[in-house]
Amino acid sequence: MSTFEFDGAGIEFRPGQTIGAALVAAGQVSWRTTRVGGVRRGLFCGIGICFDCLVTVEGEPNQRACLVVAEPGLTVTTQEGTGHEHD
Amino acid sequence: MSTTDVLVVGAGPAGLACAATILEHSSLSVVVVDAGHGPGGQYWRQPAPAVGADALDPAELADLHHDRARFDALLHRLEQGRTDGRLQLRSQHHVWSAVPDMQGYAVHAVDRGRGPSHVPGSTTVARALVLATGAFDRALPFPGWDLPGVMTVGGLQALLKAGGVVAGRRVALGGTGPFLLPVAAGLARHGATVVGVYEANRPARWLREGRAVARNAGKLGEGAGYAAALLRHRVPVRAGRMVVAAHGADRVEAITLARLDRAGHPVPGSDQRVAVDAVGVGWGFSPQLDLAVTLGVDLTPDVAGTEVVAVDDAQRTSRPGVYAAGEVCGVGGAPLALTEGRLAAAAVVADLTDGRVPADVVSSARRVVTRQRAFATAILRAHPVPAGWADRLAPDTIVCRCEEVTLGAVRAAIDERGARDARQVKQLTRTGMGWCQGRVCGYAAALLSSGRPGPAVERLVAAPVPLGTLGALAEPTARPSRRTGISDDAM
Ligand SMILES: Cc1cc2nc3c(=O)[nH]c(=O)nc-3n(C[C@H](O)[C@@H](O)[C@H](O)COP(=O)(O)OP(=O)(O)OC[C@H]3O[C@@H](n4cnc5c(N)ncnc54)[C@H](O)[C@@H]3O)c2cc1C
Ligand code: FES
């Protein structure tokens with residue numbers, strides 16, 4: 001089974017799925033906290049329009065989980081606020 | 001930089017049909033650019049191409065596609081075009097700008113198919129530009145709509161069609177429009193318990209649309225098919241109901257439904273709580289106008305007041321060399337989008353070459369478009385946003401999800417500081433200023449401040465562009481390639 005790493009844990013996925021689809025299939029509905037309220041967010045529009053699903057992939061913040069295709073060995077981490085430590 | 005005769009933005013039904021028809025009836029070169037992982041658009045959305053024993057096989061999801069054969073025929077035509085060196089399909093390319101150029105139109109895109117840290121840009125100059133950018137779900141705020149697990153109806157569908165994933169075990173669908181039914185049927189077939197489809201409008205509204213219905217009898221059969229599927233899966237479809245709240249701590253755990261009165265207002269005391277772990281809401285679709293607006297093509301309001309690209313009966317926009325087809329011209333479903341794509345192709349071929357698409361093909365396409373546009377208008381009239389959509393919003397309900405602006409702040413801008421449209425609300429509260437540029441909240445902000453959908457918003461950049469990519473574009477390092485239309489656009 002193909003897996004990528006999400007916050008240190010292994011997420012199994014089926015090649016062809018996006019990171020967002022794989023996370024939802026694994027029972028994970030959120031992977032970001034908002035800048036102001038610090039509340040959790042995951043998929044909303046599912047097609048790249050809303051930017052709610054932002055996640056950090058291979059250290060790059062602000063990637064749309066609904067668009068980025070899952071690949072074995074990717075490192076995915078929850079994004080806090082803007083995803084930039086200095087903000 | 002590369003050049004081509006025709007550039008089509010969007011590989012959904014409209015863009016694919018347009019490209020295939022041009023290839024068939026001319027010798028023009030065509031580039032199709034699309035943000036998705038492969039061709040198909042929303043209607044024929046597929047998993048990303050993948051290999052391996054555990055890879056998602058599109059065949060597992062074949063039941064979600066009713067006219068796969070048509071899609072395959074279009075792909076076959078495109079493949080032939082590729083073999084002949086006349087067609088390039090650039091998937092995972094997001095067009096962020098299209099501007100007039102000496103030779104036609106310069107289209108700037110970023111390639112998001114090479115990983116998050118390498119996002120190269122490219123520019124293609126085309127003699128003719130076809131906008132087939134489709135539409136996206138229209139959402140309206142309600143208390144709890146920002147909880148994880150609450151999605152748009154189309155989002156649930158995309159997750160299923162492209163990922164093979166049902167978003168929850170107990171799913172509720174709400175909003176309005178015929179699209180709720182196929183999504184519910186697909187989710188039920190793939191293992192979800194669909195606790196209910198809550199359609200805000202009552203079927204009686206359709207009685208006023210007899211003419212359009214009679215001329216589109218096939219659509220009735222389609223609707224009946226979904227109704228039968230829902231019956232089989234024991235999915236209750238309840239009209240005159242609206243999801244007025246979602247509840248939960250870190251994710252959605254329940255929703256509250258209310259019954260709507262004849263005027264479209266939630267009836268006090270009619271609340272009912274239902275346990276769910278996923279919700280899809282959708283109030284129809286908004287056309288994806290970003291490129292059209294910056295190009296300055298004329299727009300026109302549809303019957304519900306939403307602006308769409310104005311086209312003549314050959315899909316020409318007000319700007320010479322720019323054509324539009326599919327839901328960017330108004331929401332109307334995939335068959336209409338396909339037909340408009342063919343019509344746009346006929347116009348392109350007539351305008352750019354000495355040849356033409358056979359007259360009988362064009363006239364029959366035109367008849368189909370007229371008939372199906374009438375049906376699309378009937379759908380809009382039968383499925384309006386209910387007058388009382390905002391009755392149950394609370395002061396702390398989030399309106400703008402990106403900037404986390406509450407209804408209280410929006411109302412203060414309207415009531416105390418005189419904001420009269422979405423633009424003024426934005427200036428005063430940051431509603432619509434975040435990542436999504438108001439694509440999600442703009443409709444609600446317009447309704448709240450002006451009572452109408454409001455004018456289309458100009459967004460100078462239609463898709464995010466990394467600064468480094470912009471910088472590289474400014475340096476004139478790329479040598480113009482020969483005008484073959486099939487040049488490699490690596491920059
Ligand atoms: C999320 C969602 C799911 C849907 N699912 C279904 C369904 O299952 N069944 C159904 O009958 N209808 C569905 N619809 C309705 C849909 O709009 C169809 O009627 C049909 O796909 C419309 O065809 P189209 O060619 O006009 O546009 P689309 O199919 O929407 O195609 C437009 C294409 O343009 C691309 N695009 C837009 N802007 C850019 C840009 N700047 N750069 C690059 N590419 C761009 C998009 O990625 C998209 O692939 C769905 C709509 C949405 C929003
Ligand atoms: S879910 Fe909306 S952008 Fe990814």
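Residues numbered from 1 in each chain as written. Chains lettered and ligands numbered in written order. Predicted model: local features only at pLDDT ≥ 70, side-chain atom pairs only at ≥ 80, totals over all residues. Heavy atoms only, no water.

A. Molecular detail of the pattern of salt bridges. A complete count under the given rule lists 20 salt bridges over all chains for this structure. The salt bridge partner of Arg68(B) is Asp72(B), with a shortest N-O separation of 3.0 Å. With Arg68(B) and Asp72(B) both in helix α2 (residues 68-83), this residue pair falls four residues apart, about one helical turn. Between Asp290(B) and Arg439(B) there is a salt bridge, and its shortest N-O distance comes to 2.5 Å. Of the two residues, Asp290(B) is situated in helix α7 (residues 290-295) and Arg439(B) in the loop between α11 (422-429) and α12 (442-450); the sequence distance between them amounts to 149 residues. Note on accessibility: Asp290(B) and Arg439(B) belong to one class, buried. Within this structure, Arg32(A), Arg41(A), Asp52(A), Asp146(B) and Arg401(B) form a network of salt bridges that share partners. (Salt bridge = Lys/Arg side-chain N within 4 Å of Asp/Glu carboxyl O. Helix = DSSP H or I, 4+ residues; strand = E, 2+ residues; numbered from the N terminus. Buried < 20%, exposed > 50% of the residue type's maximum accessible area, 1.4 Å probe, protein only.)

B. A look at the site of ligand 1. Taken together, 30 residues are adjacent to ligand 1, and Asp34(B), Val95(B), Gln157(B), Lys161(B) and Glu327(B) come closest. Surrounding ligand 1 are residues belonging to chains A and B, so the site spans chains. The contact in question runs from an oxygen atom of ligand 1 to an N or O atom on the side chain of Asp34(B), over 2.6 Å. Residue Val95(B) places a main-chain N or O atom 2.8 Å away from a nitrogen atom belonging to ligand 1. Going through the elements one at a time, α1 (13-25), β4 (93-101), β7 (135-137), α3 (153-163) and α8 (334-352) of chain B are the ones with two or more residues in the shell around ligand 1. Within the shell around ligand 1, the residues separate by chemical class into 13 nonpolar, 13 polar and four charged. (Near = heavy atom within 4 Å. Polar contact = N/O pair within 3.5 Å; in protein donor to acceptor, adjacent residues only side chain to side chain. Nonpolar A, V, L, I, M, F, W, Y, C, P; charged D, E, K, R; others polar.)

C. A look at the packing of α8(B) against helix α9 (residues 359-382) of chain B. All names here are of chain B. Across the interface, α8 lies against α9 with an axial gap of 9 Å and an inter-helix angle of 140°. On the basis of their axis angle, the class for α8 and α9 is oblique. Between α8 and α9 lies a crossing whose hand is left-handed. Here α8 contributes Pro335, Leu336, Thr339, Glu340, Leu343 and Ala346 to the contact with α9, which in turn contributes Val362, Ala365, Arg366, Val368, Val369, Gln372 and Arg373. Residue composition of the contact of α8 with α9, grouped by class: eight nonpolar, two polar and three charged. (Axes fitted to C-alpha atoms, helices over the stretch in contact; angles between N-to-C directions. Parallel < 35°, antiparallel > 145°, perpendicular 65-115°, else oblique. Left-handed = near helix turned anticlockwise from the far one by under 90°. Contact = heavy atoms within 4.5 Å.)

D. Highlighting the confidence of the model for chain A. Looking at chain A as a whole, the pLDDT averages 93, with 97% of positions reaching at least 70. The least confident element of chain A, judged by mean pLDDT, is strand β8 (residues 79-80) of chain A at 86; the most confident is helix α1 (residues 19-25) of chain A at 98. (pLDDT = per-residue confidence, 0-100.)

E. Highlighting the sheet that holds strand β6 (residues 60-64) of chain A. All names here are of chain A. Taken in spatial order, the five strands make up an open sheet running β2-β1-β7-β5-β6, and their pairing is mixed. Of all strands in the sheet, those with a lone pairing partner are β2 (9-13) and β6, marking the two edges. Each adjacent strand pair in this sheet contributes to an overall mean axis angle of 40°, direction not counted. Sheet topology places strand β1 (residues 2-6) next to strand β7 (residues 75-77); two bridges connect them, and they run parallel. (Pairing = 2+ DSSP bridges.)

F. Geometry of helix α10 (residues 407-415) of chain B. All names here are of chain B. The set of residues buried in α10 consists of Leu407, Val410, Ala413 and Ile414. For α10, the arc enclosing every buried residue in end-on projection is 125°, short of the 170-degree limit, so these residues lie on one face. Buried residues belonging to α10 abut β20 (398-400), β21 (405-406), α11 and α12. (Arc of directions from axis to C-beta.)

G. Spotlight on the interface of chain B and chain A. Taken together, the contact pairs 46 residues of chain B with 39 residues of chain A. Both faces considered, chain B and chain A share a buried interface measuring about 3400 Å² in area, 60% of it formed by carbon and sulfur atoms. Contact with chain A buries surface across chain B, with Asp54(B), Pro116(B) and Glu404(B) losing the most and accounting together for 19% of the total. Here chain B and chain A share four salt bridges between them. Measuring nitrogen to oxygen at the nearest pair gives 2.9 Å for the salt bridge that ties Glu403(B) to Arg35(A). Where chain B touches chain A, the interface holds 15 residue pairs in polar contact (both at pLDDT 80 or more). Contributing elements (two or more residues each) for the side of chain B that touches chain A: β8 (150-152) and α3 of chain B. Split into classes, the residues belonging to the side of chain B that touches chain A amount to 23 nonpolar, eleven polar and twelve charged. (Buried area = accessible area lost by both parts, 1.4 Å probe.)

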